[in-house]
Amino acid sequence: MWNDRSLLSMNLADADQARSLLAAAHADSWKGDELAGKAVANVFFEDSTRTRVSFSIAAQTLGAKVVDLTSAGSSVAKGETLLDTAWTIEAMGVDAMVVRAGQSGAAELIDRHTHCAIINAGDGTHQHPTQALTDALAIGRSFTREEDWDLSGLNIAIVGDVVSSRVARSNVRLLQALGATVVLVGPPSMAPSSLQSLGCSVTSDFDSVIDQCDAAMMLRIQFERGGGSVLASTREYHQRYGMSEARAAHMKDGAIVMHPGPMNRGVEIAAAVADGERSVILDQVAGGVLVRKAALVHAINQ
Ligand code: CP
């Protein structure tokens, strides 16, 4: 998980490091000056609400100065490259760069060519490690696994546009590392059987697994990455793969519904379920700040 001071991707061998970070995030026992005198740059070449704001709040709460850079309004819009932008920000003396980019591998590329800590805040369809840690935190807390963050015995369905999803790729690795059983669900164009190579099962029949799930993680159709281009209609998609009220009613007692956001309400999840009693979606958001505090402290102060 950690590549020296950088957090770039989740790996199956990362269970101990992940458990340690989840414990620190859950405890949230920071004094508030852990990052005093440090500078964190949020460098976002793609849009974000949750990730960018939560990294800002996390860093500021711990005493760091935070600068935000987005493509619009920066020299990226004039054609400056990823690396020139990173070198420019680093030359100003930042201790950590939080990077989101549309290109898979962008955070690793920047990490190879800079010296400050790099945290991958989502790169193309590749990885989004702090989202997976945020999701594991929410699952662990929902099923009272805070003592050891062992998710053994839990069945977790990741549903929807899996091929486009960096969240799914990070979650598959982390949830399996923590002992959970993962099934990927979606139409073959979004959840092809080749994804079995990730070590989990794959099905196109959501209703065949709905009553066995402890958690169903619904994914947004990523229209901006071509997701959904072969769908007949979003209404039909909702009927077959959406978390409707009827489907939620078939889940086990205590089972939870998750979504990393942003949601397409009425497509992958019904509004009534997103706002209903099984939903932990806002807990995921709140936990994101805790995970990002722990990640920044580790990255900058280790
Ligand atoms: N889950 C997630 O990455 O959301 P944002 O795109 O709003 O950061």
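Refer to the structure presented above.
Let me sum up the structure you'll find in this document. (Residues numbered from 1 in each chain as written. Predicted model: local features only at pLDDT ≥ 70, side-chain atom pairs only at ≥ 80, totals over all residues. Heavy atoms only, no water.)

Some words on the overall build of the chain
Each helix and strand counted, the chain has 10 helices and 11 strands in total. The globule rule puts the C-alpha radius of gyration for 302 residues at 19 Å, and the 19 Å found for the chain is close to it. Projected onto its principal axes, the C-alpha positions of the chain cover 55 × 45 × 35 Å. Relative to its full complement of 302 residues, the chain shows a buried share of 56%. In the chain, the proportion of contacts linking residues at least 24 apart, taken out of those at least 6 apart, comes to 72%. Roughly 12300 Å² of accessible area belongs to the chain as shown, and the carbon and sulfur atoms make up 49% of that amount. A gap of 3 Å separates the mean positions of the 25 positive and 34 negative side-chain charges of the chain. (Helix = DSSP H or I, 4+ residues; strand = E, 2+ residues; numbered from the N terminus. Rg over C-alpha atoms; globule rule 2.2 N^0.38 Å. Buried < 20%, exposed > 50% of the residue type's maximum accessible area, 1.4 Å probe, protein only. Contact = heavy atoms within 4.5 Å. Areas by Shrake-Rupley, 256 points an atom, 1.4 Å probe, with all protein chains shown as cover. Lys, Arg positive; Asp, Glu negative; His and termini not counted. Charge placed at Lys NZ, Arg CZ, Asp CG, Glu CD.)

Concerning the pairing of strand S8 (residues 181-185)
Burial of S8 is extensive: 4 of the 5 residues sit out of reach of the surface. As judged from the 5 bridges shared by strand S7 (residues 155-159) and S8, these two strands associate in the parallel manner. Bridged to asparagine 155 within S8 is threonine 181. In this view, the connection linking S7 to its parallel neighbour S8 by way of helix H6 (residues 166-177) has right-handed handedness. (Pairing = 2+ DSSP bridges. Right-handed = clockwise from strand over helix to strand, strands pointing away.)

What to know about the site of the ligand
The environment of the ligand is formed by Ser48, Thr49, Arg50, Thr51, Arg100, His128, Gln131, Pro260 and Gly261. Histidine 128 places a side-chain nitrogen or oxygen 2.9 Å from an oxygen atom of the ligand. Here a nitrogen atom of the ligand and a backbone polar atom of glycine 261 are 3.1 Å apart. Relative to its unbound accessible area of 250 Å², the ligand is 93% covered by the protein chains. Three or more residues apiece are contributed to the shell around the ligand by two domains, here domain 1 (2-128 + 285-301) and domain 2 (130-282). (Near = heavy atom within 4 Å. Polar contact = N/O pair within 3.5 Å; in protein donor to acceptor, adjacent residues only side chain to side chain. Domains from an automatic or database assignment.)

Overview of the sheet that holds strand S11 (residues 256-258)
Sheet architecture is open: 5 strands sit in the order S9-S8-S7-S10-S11, paired in parallel fashion. Every other strand in the sheet has two partners, leaving strand S9 (201-203) and S11 as the edge strands with one partner each. Taking the axes of each pair of neighbouring strands and ignoring which way they run, one obtains an average angle of 20° across the sheet. Across 4 bridges, S7 lies against strand S10 (residues 215-218) in parallel orientation. Each bridged residue has a counterpart across the sheet, and for alanine 157 the counterpart in S10 is alanine 216. Of the strands in this sheet, S7, S10 and S11 are in contact with helix H5 (residues 129-142), which crosses S11 at around 170°. (Axes fitted to C-alpha atoms, helices over the stretch in contact; angles between N-to-C directions.)

Some remarks on the nonpolar core
A general tendency of soluble globular proteins is for nonpolar side chains to be buried together. Leu133, Ile139, Ile158, Leu175, Leu184 and Leu296 are the most contacted members of the largest nonpolar core, which totals 61 residues. Looking at this core element by element, the count peaks at 9 residues for helix H10 (residues 281-301). Counting contributing residues per domain, this core is built from domain 1 (2-128 + 285-301) and domain 2 (130-282), each supplying no fewer than three. Leucine 133 has contacts with Met1, Leu7, Met10, Ala18, Leu21, Leu22, Leu174 and Val291, leaving out every residue within four places of it along the chain. (Core = buried A, V, L, I, M, F, W, Y, C linked by side-chain atoms within 4.5 Å.)

As for the packing of helix H1 (residues 15-27) against H5
Orientation of H1 relative to H5, taken along the N-to-C sense of each, is 70°, at an axis distance of 10 Å. With respect to their mutual orientation, H1 and H5 come out roughly perpendicular. Helix-helix and strand crossings are classified by hand; for H1 and H5 the assignment is right-handed. Note on element contacts: H5 touches H1 through Leu133, Ala136, Leu137 and Arg141, opposite Ala18, Leu21, Leu22, Ala25 and His26. A breakdown of the residues in the contact of H1 with H5 according to their chemical character gives 7 nonpolar, 1 polar and 1 charged. (Parallel < 35°, antiparallel > 145°, perpendicular 65-115°, else oblique. Left-handed = near helix turned anticlockwise from the far one by under 90°. Nonpolar A, V, L, I, M, F, W, Y, C, P; charged D, E, K, R; others polar.)

Re the pattern of salt bridges
Counted according to the given criterion, the structure contains 6 salt bridges. Of the charged contacts in the structure, one is a salt bridge between aspartate 68 and arginine 52, with a shortest N-O distance of 3.5 Å. Taken as a pair, aspartate 68 in strand S4 (residues 65-70) and arginine 52 in helix H2 (residues 50-61) lie far apart in primary sequence, 16 residues in all. Overall, the relative accessible area of 43% leaves aspartate 68 in the partly exposed class. Residues lysine 252 and aspartate 214 are paired through a salt bridge, measuring 3.0 Å at the closest nitrogen-oxygen approach. With lysine 252 in the loop between helix H8 (245-249) and S11 and aspartate 214 in the loop between S9 and S10, this pair connects stretches of sequence that are 38 residues apart. (Salt bridge = Lys/Arg side-chain N within 4 Å of Asp/Glu carboxyl O.)

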